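# Breakdown of the fold
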Amino acid sequence: ESTVRVRKTEGVVFDHVRIMAASRGIRLGDVNTDTVFQHCEVRGGWPTWLFRSDRKDEYCFLENGESVPNTLAKHTSSVILSGVGANTGTQVHHCEFSDGHDLYLFGTGMRFHHNWVHNFNDDALVLNAVPTVDARVWQNVFTQCLMAISYGGPPNVSGQCSVFRNLIDMRRPTAGIRPRSDGDEDVWRQGAFYKSNDADGPLDLFHNTAITLVAGAVRMPSGEEPTKAAFNHYGHQGTARLRSFNNIFVAITPQQYAHLDRHVAFLPGELPPGPTNGNCYFRSGHEPPWNMPMFGIDGTAKKYDSLSEYLGSMEHQPGYEDDSTDQEPPFRSFQFDGTIDDDHDDLRLTDGNPDHNAVQLPDDLDHMDPLSLSWIPEFLRPRQHMGCYGSFGVPLAVGVGGRRRFPPPGTT
């Protein structure tokens with residue numbers, strides 16, 4: 001079942017290894033310490049002609065007049081990277097994961113950075129499938145996945161996770177539902193930012209740039225089953241701490257899907273699990289009127305058309321989103337109608353936009369941030385921008401040898 005299985009090892013390094021996955025790609029079982037995957041290419045068994053429904057729902061075909069279930073997809077693709085909670089010190093960096101179903105974090109002290117995760121028909125980053133403690137995920141690029149960040153596993157298995165400086169672009173759809181009749185076009189599913197089964201663990205989200213199209217996880221083009229908000233990480237007022245700082249959240253709804261507008265984001269209510277501050281929220285894609293107010297509080301009737309309206313409400317807590325903005329992020333090159341231009345899209349911010357300067361991170365998060373400039377005397381320190389790129393706008397170089405660049409080479 002597993003193409004690579006590692007058991008009871010210490011300090012094993014996979015360097016520039018190409019892994020063509022069977023059902024599972026990489027599985028770290030039993031007790032492994034300080035395992036490293038670096039500059040590896042890991043391709044799942046998900047062919048271009050397969051749909052997510054082939055695996056999730058399956059279907060039947062007639063054989064000698066009898067209905068026979070087709071389980072090919074279930075046997076073809078499972079979890080591309082997984083392990084048990086007893087693993088410690090696992091590092092995965094400058095790798096490429098593509099054409100898969102799920103990818104799990106696991107164990108204690110896992111580090112996942114400078115990777116490219118592309119074309120996943122389910123969850124690109126599952127934080128609680130198995131016990132996970134002190135996981136850090138930074139400077140990765142996630143593209144064309146059904147779910148970017150997922151708490152879709154069982155409850156009470158996730159400790160502190162930190163997700164920061166990532167580029168999350170969910171504009172491209174995934175193959176969702178196999179056509180059921182001639183002319184059936186309702187086959188694509190748009191990617192969502194966050195998934196929860198009410199079992200969220202403590203999470204820190206900071207300095208990420210995230211784009212969604214049509215609020216995520218919808219069947220296209222009919223638009224069935226949309227999520228309630230494009231960015232729904234505050235969709236549950238639970239007890240787990242969820243801090244959110246200096247992220248850029250852009251929700252695009254093209255004109256033909258105007259009737260499918262959802263909130264851009266849920267915001268904390270009376271029992272905030274934050275704090276959250278210094279974020280940019282923006283909606284685009286068609287002209288007003290909008291179908292839904294920009295913000296809401298999940299599980300309540302509270303709705304707000306702007307951040308200023310939320311800040312003036314009874315639900316607002318001091319320090320929550322006080323320095324956030326709902327203005328258009330000044331990307332260097334980007335079409336806010338949802339059009340994708342791989343050669344020219346540049347999600348770095350232009351200089352000289354004080355409304356999109358970042359707030360100072362708490363000390364524990366600033367210590368994690370690889371682009372922190374806190375070591376520079378304050379009077380000489382350039383202002384940090386919101387989003388995944390630092391003050392100097394260095395492109396993200398991810399994957400094997402850093403060969404995948406965002407923005408691409410030649411972009412000015």
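What comes next is a walk through the structure. If you're wondering where the values come from, they're calculated on a predicted model, not measured in any experiment. (Residues numbered from 1 in each chain as written. Predicted model: local features only at pLDDT ≥ 70, side-chain atom pairs only at ≥ 80, totals over all residues. Heavy atoms only, no water.)

## Concerning the overall build of the protein
The helix and strand inventory of the protein stands at four helices and 37 strands. Rg of the C-alpha trace for the protein: 21 Å, near the compact-globule value of 22 Å for 412 residues, within the 12% margin. Taken along the three principal axes of its C-alpha coordinates, the protein extends 70 × 55 × 45 Å. For the protein, the proportion of its 412 residues judged to be buried stands at 59%. Total accessible area computed for the protein in this model is approximately 17100 Å², and 50% of it derives from carbon and sulfur atoms. Counting 35 positive and 52 negative side-chain charges, the protein places the averaged centre of each group 5 Å from the other. (Helix = DSSP H or I, 4+ residues; strand = E, 2+ residues; numbered from the N terminus. Rg over C-alpha atoms; globule rule 2.2 N^0.38 Å. Buried < 20%, exposed > 50% of the residue type's maximum accessible area, 1.4 Å probe, protein only. Areas by Shrake-Rupley, 256 points an atom, 1.4 Å probe, with all protein chains shown as cover. Lys, Arg positive; Asp, Glu negative; His and termini not counted. Charge placed at Lys NZ, Arg CZ, Asp CG, Glu CD.)

## Details of the sheet that holds strand E26 (residues 229–231)
Consider a sheet: its strands pair through backbone hydrogen bonds, and that pairing is either parallel or antiparallel. Pairing within the open sheet is mixed, and its four strands lie in the order E26-E29-E32-E33. Edge positions in the sheet fall to E26 and strand E33 (303–304), since each of these pairs with one other strand and no more. Across two bridges, the pairing between E26 and strand E29 (residues 263–266) is parallel. By the bridge assignment, Ala 229 is partnered in E29 with His 263. (Pairing = 2+ DSSP bridges.)

## What to know about the layout of surface pockets
Taken as a whole, the largest pocket holds about 390 Å³ of empty space. For the lining of the largest pocket, the secondary-structure elements that each account for two or more residues are strand E14 (116–123), strand E17 (141–151), strand E19 (167–169), strand E35 (346–349) and strand E37 (404–406). With three residues, E37 is the largest single contributor of residues to the lining of the largest pocket. Looking at the lining of the largest pocket residue by residue, the classes come out as eight nonpolar, three polar and nine charged. Empty space within the second largest pocket amounts to approximately 290 Å³. Class assignment of the residues belonging to the lining of the second largest pocket gives a composition of five nonpolar, six polar and five charged. (1 Å grid on protein atoms, 1.4 Å probe; cavity = no way out; pocket = protein on both sides within 12 Å on 5 of 7 lines; lining within 4 Å. Points joined across faces, edges and corners; volume = space filled by probe spheres on them. Nonpolar A, V, L, I, M, F, W, Y, C, P; charged D, E, K, R; others polar.)

## Comments concerning the nonpolar core
Among the nonpolar cores identified, the biggest contains 60 residues, and Leu 81, Phe 97 and Phe 112 are the most heavily contacted of them. For this core, the element with the most residues is E17, which contributes five residues. Non-local contacts of Phe 97, meaning those with residues more than four positions away in its chain, are made with Val 42, Ile 80, Leu 81, Val 92, Leu 103, Phe 112, Asn 115, Trp 116, Val 117, His 118 and Phe 120. Core analysis: the next-biggest nonpolar cluster, separate from the first, contains 25 residues, Val 250, Cys 280, Phe 282 and Cys 388 among them. (Core = buried A, V, L, I, M, F, W, Y, C linked by side-chain atoms within 4.5 Å. Contact = heavy atoms within 4.5 Å.)

## Focus on empty space enclosed by the protein
Taken as a whole and assessed by the stated rule, the structure comprises two cavities of 30 Å³ or more. Of the pockets and cavities examined, the largest cavity occupies roughly 60 Å³. Each residue belonging to the lining of the largest cavity can be placed in one class, and the counts come to seven nonpolar, six polar and three charged. The volume enclosed by the second largest cavity comes to roughly 50 Å³. In this structure, the second largest cavity is lined by Ala 215, Ala 230, Ala 251, Thr 253, Asp 261, Arg 262, His 263, Val 264, Arg 283 and Trp 290. For the lining of the second largest cavity, the residue count by class is five nonpolar, two polar and three charged.

## Here we look at the pattern of salt bridges
Summed over the entire model, instances satisfying the criterion amount to 21 salt bridges. The salt bridge involving Arg 52 is made with Asp 122; its shortest N-O contact spans 2.5 Å. Taken together, the residues Arg 52 in helix H1 (residues 52–56) and Asp 122 in strand E14 connect sequence positions 70 residues apart. Looking at Arg 52, the relative accessible area reads 15%, which means it is buried. Across the pair Arg 172 and Asp 342 runs a salt bridge, and its minimum N-O distance is 2.7 Å. Within this pair, whereas Arg 172 is found in the loop between E19 and strand E20 (174–175), its partner Asp 342 is found in the loop between strand E34 (331–333) and E35, the two being separated by 170 residues in sequence. (Salt bridge = Lys/Arg side-chain N within 4 Å of Asp/Glu carboxyl O.)

## Regarding unusual backbone geometry
Cis geometry marks the peptide bond from Pro 288 to Pro 289; its omega dihedral reads 10 degrees. Residue position: Pro 289 is located in the loop between strand E31 (280–284) and strand E32 (295–296). Of note, the phi angle at Asp 30 is positive, near 55 degrees, even though the residue is not glycine. As for its placement among the helices and strands, Asp 30 is situated in the loop between strand E4 (24–29) and strand E5 (36–38). One non-glycine residue, Arg 165, adopts positive backbone phi at about 60 degrees. With respect to the helices and strands, Arg 165 occurs in the loop between strand E18 (161–164) and E19.

## Regarding the side chain of Arg 171
Structurally, Arg 171 can be placed in the loop between E19 and E20. A distance of 3.0 Å separates polar atoms of two side chains, one belonging to Arg 171 and the other to Asp 345. Contacts of Arg 171, omitting those with residues within four sequence positions, involve Gln 190, Ile 211, Leu 213, Ile 252, Phe 334, Gly 338, Thr 339, Ile 340 and Asp 345. (Polar contact = N/O pair within 3.5 Å; in protein donor to acceptor, adjacent residues only side chain to side chain.)

## What to know about the environment of Gly 216
With respect to the element layout, Gly 216 can be found in the loop between strand E24 (209–213) and strand E25 (219–220). Put simply, Gly 216 and Pro 318 are 102 residues apart on the chain and 30 Å apart in space, counted from C-alpha to C-alpha.

## Section: the sheet that holds strand E21 (residues 188–189)
Here three strands make up an open sheet; going across it, the order is E20-E21-E25 and the pairing antiparallel. Two strands in the sheet have a free side with no partner beyond their single neighbour: E20 and E25.

## What about the packing of aromatic side chains?
Tallied over the full model, the rule gives 15 aromatic pairs. Measuring from ring centre to ring centre gives 6.1 Å for Tyr 151 and Tyr 194, while their planes differ by 55 degrees; the resulting arrangement is tilted. Of this pair, Tyr 151 sits in strand E17 while Tyr 194 sits in strand E22 (residues 192–196), and the two are 43 residues apart along the sequence. Residue class for Tyr 151 comes out buried when judged on its relative accessible area of 0%. Every member of this aromatic cluster is reached through a ring pair, and the members are Phe 193, Phe 231, Phe 249, Tyr 281 and Phe 295. (Phe/Tyr/Trp six-rings, centres within 6.5 Å; stacked < 30°, edge-to-face > 60°.)

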